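Here's the letter readout for the chains.
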Amino acid sequence: MNSVQPDADITEEEPDVSVGQESDRADGGKPFLRRIHEPIKHFLPSSLDVPAHIHHVAHRMANPPVDRPHSRREFLHILDCLAIRADQADVRERFGFGAKLDEHGDRLIVAWEAHTEYYSYQAWHIPADKTKPLSFGPITYPGYVFPVCPLGIRVNALDIVIQVEGSVTPEHLKPLLPGPHLHASRVFGEDITLATSFTPDDDTRERYHVSGRSGETLRQYAVKLVDTIVAIENYYHLVMLPMQAFSRAVDQIHDYEQRHLYQRAVIMEQMGTATPASLQKWLNALTQDLLQVSRLAESMRYRLSGAFPYDKIVRGNLEALQEQPVPSIRPISEYIRWRITGVADGYQQLLRRIDAMQADFEATVAVIRTQIELRLQEQNLAAQDQNLKLLASVDKTTRSQAILQHTVESLSVIVITYYLSGLGSYIFKALHEMGWLGNATLASAIFVPIAFATSFGLMLIGRKVIYKRMGSGAAHLERNSGS
């Protein structure tokens with residue numbers, strides 16, 4: 001049977017094919033091109049018949065990679081609980097079914113299918129008595145009870161009855177379908193009437209009534225019709241599922257927009273006179289808001305990412321019904337189109353507002369950071385200028401000290417020379433009185449240059465000793481700091 005649900009896998013998942021291996025064969029050697037055109041439920045039509053009573057339920061998976069194989073194990077447990085033997089079932093990677101026959105000829109067929117975001121169960125009750133009228137409510141197959149409570153948020157639940165009837169009228173359908181409004185259409189260009197009220201019954205299932213004059217026509221289109229109904233309902237509900245989160249996000253982003261407008265006005269007014277503490281306070285507040293908006297953006301992208309293709313899937317399946325009006329009853333597509341019109345566009349508009357808000361916060365944060373960096377640069381330049389002035393002052397002082405030192409050294413040489421000359425004069429006079437020296441004055445005059453040279457030599461020797469001791473002291477400090 002051809003499924004109209006686009007996200008159902010065509011075949012079981014295949015392992016990667018390495019280079020050098022035959023890339024067009026997998027799954028027991030079946031050619032890939034043959035498998036890709038093979039419907040995943042090609043073995044079901046021979047088991048299905050009309051009239052039929054069908055229950056469908058779909059649940060959204062919180063973590064599809066983990067929940068999908070879990071749902072497969074859950075379906076195997078359901079088969080065991082319903083006493084469906086392995087030779088009566090076929091369970092694959094993302095699709096499976098099982099069938100059983102009771103002693104009166106009634107058939108029960110249960111099917112499981114895992115999709116990208118949700119998985120679903122269907123139970124078909126096909127009575128042996130083709131003339132027995134079917135009714136909505138619990139499936140009347142002997143002893144049937146759905147044995148598990150599936151995990152995840154329930155996307156939808158449907159109660160579908162397919163039976164051969166003559167022309168149906170609003171008076172005939174209204175007692176069967178709860179709710180104030182009735183919707184019906186003739187579908188697939190055939191004499192098949194599809195009717196619903198889009199209102200859950202007491203068992204929280206939406207009811208669909210399918211009827212036609214020809215049992216053969218109903219049998220031919222039953223599977224396609226059920227798949228189309230299921231696809232419309234599943235994806236319509238998935239489009240509407242994030243509506244509450246969407247409404248909350250609209251209010252949140254509105255608050256952020258108003259807050260940022262006020263913040264930006266204050267910042268523009270006070271930027272020139274703001275203190276470093278004010279700049280830091282603004283930066284902290286804006287950074288916190290930016291993180292919150294970024295978190296909101298990622299959350300809403302995750303929640304709303306599937307709504308746009310799902311909207312197209314719903315519209316495509318409505319077109320596939322090829323609806324023709326039923327007199328005095330509103331068509332089915334009218335309700336669906338009315339409910340989803342503008343929803344996906346609203347989701348997209350919200351994501352654009354969030355992206356714009358995020359960009360505004362980033363731009364304002366960048367402006368404040370630039371202002372802080374400019375002020376730091378100004379402070380660094382001022383500090384550098386102050387350091388240059390200090391170095392110039394130290395250099396001037398050092399030069400003055402050097403000049404003073406040279407002056408002191410020169411005066412020291414003169415003083416030492418004077419004292420040496422005086423001492424020498426006393427010695428020469430004594431030698432003259434003793435008769436050992438003929439002219440004491442001449443000897444004193446000759447001794448003056450000698451005294452000067454001696455003084456200058458002593459000054460040079462002293463300077464070298466000082467420099468040597470200073471150099472050895474610096475080397476000792478370096479060794480100590482290195483160790």
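Just so you know, these numbers come straight off a predicted model, no measurement behind them.

Student: Explain the packing of aromatic side chains to me, please; I cannot follow it from the model alone.
Tutor: For any pair of aromatic rings, geometry is given as the distance between the ring centres together with the angle between the planes. The tally for this structure, following the rule as stated, stands at 12 aromatic pairs. Relative to Tyr121, the ring of Phe75 lies with its centre 6.3 Å away and its plane at 25°, an arrangement referred to as stacked. Placement of the pair is Phe75 in helix H2 (residues 64-81) and Tyr121 in strand S7 (residues 118-126), with a sequence separation of 46 residues. The exposure classification of Phe75 matches that of Tyr121, with both residues buried. Pairing Tyr118 with Tyr235 gives two aromatic rings, centres 5.8 Å apart and planes at 80°, and the pair type is edge-to-face. Of this pair, Tyr118 sits in strand S7 while Tyr235 sits in helix H4 (residues 215-240), and the two are 117 residues apart along the sequence. Across this residue pair, the class does not change: Tyr118 and Tyr235 are buried. Taken together, the aromatic side chains of Phe75, Trp112, Tyr119, Tyr121 and Phe146 make up a single cluster linked through ring pairs.

Student: What should I look at first to understand helix H7 (residues 307-320) in this one?
Tutor: Side chains of residues three or four places apart in an α-helix project in the same direction, reflecting 3.6 residues per turn. For H7, built from 14 residues, the straight-helix expectation of 20 Å at 1.5 Å per residue is met to within 8% by its first-to-last C-alpha distance of 20 Å. Along H7, the residues classified as buried are Ala307, Phe308, Tyr310, Asp311, Ile313, Val314, Asn317 and Leu318. Residues of H7 that are buried in the fold lie against H4, helix H6 (276-304), helix H8 (332-340) and helix H9 (343-433). One or two residues past the end of H7 sits Gln322, with phi positive at roughly 55°.

Student: Explain the packing of H6 against H9 to me, please; I cannot follow it from the model alone.
Tutor: Each pair of packed helices can be summarised by the angle the axes make with each other and by the distance between the axes. Remark: H6 packs on H9, axes separated minimally by 9 Å, with the N-to-C direction vectors making an angle of 155°. What the angle tells us is that H6 and H9 run roughly antiparallel. When you trace H6 past H9, the crossing you get is left-handed.

Student: Any chance you could explain the side chain of Asp49 here in plain terms?
Tutor: For Asp49, the position within the fold is in the loop between helix H1 (32-36) and strand S3 (52-60). In this structure the side chain of Asp49 is engaged in a polar contact, spanning 2.6 Å, whose partner is the side chain of Arg219.

Student: Looking at this model, I keep getting lost on unusual backbone geometry. Mind explaining?
Tutor: One can expect most non-glycine residues to show negative phi and most peptide bonds to be in trans. That bond from Val50 to Pro51 is cis: its omega, 0°, falls within 30 degrees of zero. Relative to the elements of secondary structure, Pro51 occurs in the loop between H1 and S3. For Ala83, which is not glycine, the phi dihedral falls at a positive 60°. Along the chain, Ala83 turns up in the loop between H2 and strand S4 (89-91). With relative accessibility at 52%, the residue Ala83 sits in the exposed group. Look at Ser328: it is not a glycine, yet its phi comes out positive at around 65°. Positionally, Ser328 belongs in the loop between strand S12 (324-325) and H8. The exposure class of Ser328 is exposed, given its relative accessible area of 71%.

Student: Explain the packing of helix H5 (residues 243-270) against H6 here, please?
Tutor: With their axes 11 Å apart at the nearest point, H5 and H6 run at an angle of 155° to one another. Relative to H6, H5 is oriented roughly antiparallel. Where H5 crosses over H6, the handedness of that crossing is left-handed. Each of Ala245, Phe246, Ala249, Gln252, Ile253, Tyr256, Arg259, His260, Gln263, Val266, Ile267 and Gln270 in H5 lies in contact with H6, whose residues at this interface are Trp282, Ala285, Leu286, Asp289, Gln292, Val293, Leu296, Met300 and Arg303. Grouping the constituent residues of the contact of H5 with H6 by class yields 13 nonpolar, five polar and three charged.

Student: Which parts of the structure should I look at to understand the pairing of strand S6 (residues 107-114)?
Tutor: Walk down a regular strand and you will see the side chains alternate between the two sheet faces. In terms of burial, S6 is largely enclosed, as seven of its eight residues are buried. As paired elements, strand S5 (residues 95-101) and S6 share seven bridges and run antiparallel to each other. Residue pairing in the sheet places Phe95 in a bridge with Glu113 of S6. A loop of five residues connects S5 with S6, the two strands running antiparallel in sequence, and Gly105 in this loop sits at a positive phi of about 95°. As defined by bridge partners, S6 adjoins S7 across eight bridges and the pair is classed as antiparallel. Residue pairing in the sheet places Ala111 in a bridge with Gln122 of S7. Linkage of S6 to S7, two consecutive antiparallel strands, is achieved through a turn of three residues.

Student: Please explain the sheet that holds S12 as it appears in this structure.
Tutor: Two strands in a sheet stick together by hydrogen bonds in their backbones, pointing the same way (parallel) or opposite ways (antiparallel). With respect to topology, 10 strands assemble into an open sheet ordered S4-S5-S6-S7-S3-S8-S11-S10-S9-S12, the strand pairing being mixed. Edge positions in the sheet fall to S4 and S12, since each has one partner strand and no second. Together, strand S9 (183-186) and strand S10 (192-200) form the strand contacts of H8, whose direction differs from that of S10 by roughly 40°.

Student: Could you clarify how one ought to interpret the nonpolar core in this entry?
Tutor: In a soluble, globular protein the nonpolar side chains are often hidden away together inside. Ile160, Ile162, Leu194, Val210, Leu225, Met300 and Ile336 are the most contacted members of the largest nonpolar core, which totals 78 residues. It is H4 that contributes the most residues to this core, 15 residues altogether. Residues Ile84, Val110, Tyr119 and Ile139 belong to the second largest nonpolar core, which totals 19 residues.

Student: Just checking my understanding: could you explain a nonpolar patch on the surface for this structure?
Tutor: A cluster of nonpolar side chains, contributed by Val415, Tyr418 and Tyr419, occupies part of the molecular surface with about 380 Å² of accessible area. Tracing the sequence through the fold places Tyr419 in helix H9. The exposure class assigned to Tyr419 is exposed, which follows from its relative accessible area of 55%.

Student: Is there a simple way to explain the confidence of the model for the protein chain in this structure?
Tutor: Any segment with low pLDDT has predicted coordinates that should not be analysed in fine detail. Averaged over every residue, the pLDDT of the protein chain is 84; the share at 70 or more is 88%. Confidence over residues 1-29 falls short of pLDDT 50; this stretch has 60 contacts with residues more than four positions distant or in other chains.

About the cut-offs
Residues numbered from 1 in each chain as written. Predicted model: local features only at pLDDT ≥ 70, side-chain atom pairs only at ≥ 80, totals over all residues. Heavy atoms only, no water. Phe/Tyr/Trp six-rings, centres within 6.5 Å; stacked < 30°, edge-to-face > 60°. Helix = DSSP H or I, 4+ residues; strand = E, 2+ residues; numbered from the N terminus. Buried < 20%, exposed > 50% of the residue type's maximum accessible area, 1.4 Å probe, protein only. Expected span 1.5 Å × (residues − 1). Contact = heavy atoms within 4.5 Å. Axes fitted to C-alpha atoms, helices over the stretch in contact; angles between N-to-C directions. Parallel < 35°, antiparallel > 145°, perpendicular 65-115°, else oblique. Left-handed = near helix turned anticlockwise from the far one by under 90°. Polar contact = N/O pair within 3.5 Å; in protein donor to acceptor, adjacent residues only side chain to side chain. Nonpolar A, V, L, I, M, F, W, Y, C, P; charged D, E, K, R; others polar. Pairing = 2+ DSSP bridges. Core = buried A, V, L, I, M, F, W, Y, C linked by side-chain atoms within 4.5 Å. Patch = residues over 30% accessible without salt bridge, like charges linked within 9 Å, V, L, I, M, F, W, Y side chains within 5 Å. Areas by Shrake-Rupley, 256 points an atom, 1.4 Å probe, with all protein chains shown as cover. Salt bridge = Lys/Arg side-chain N within 4 Å of Asp/Glu carboxyl O. pLDDT = per-residue confidence, 0-100.

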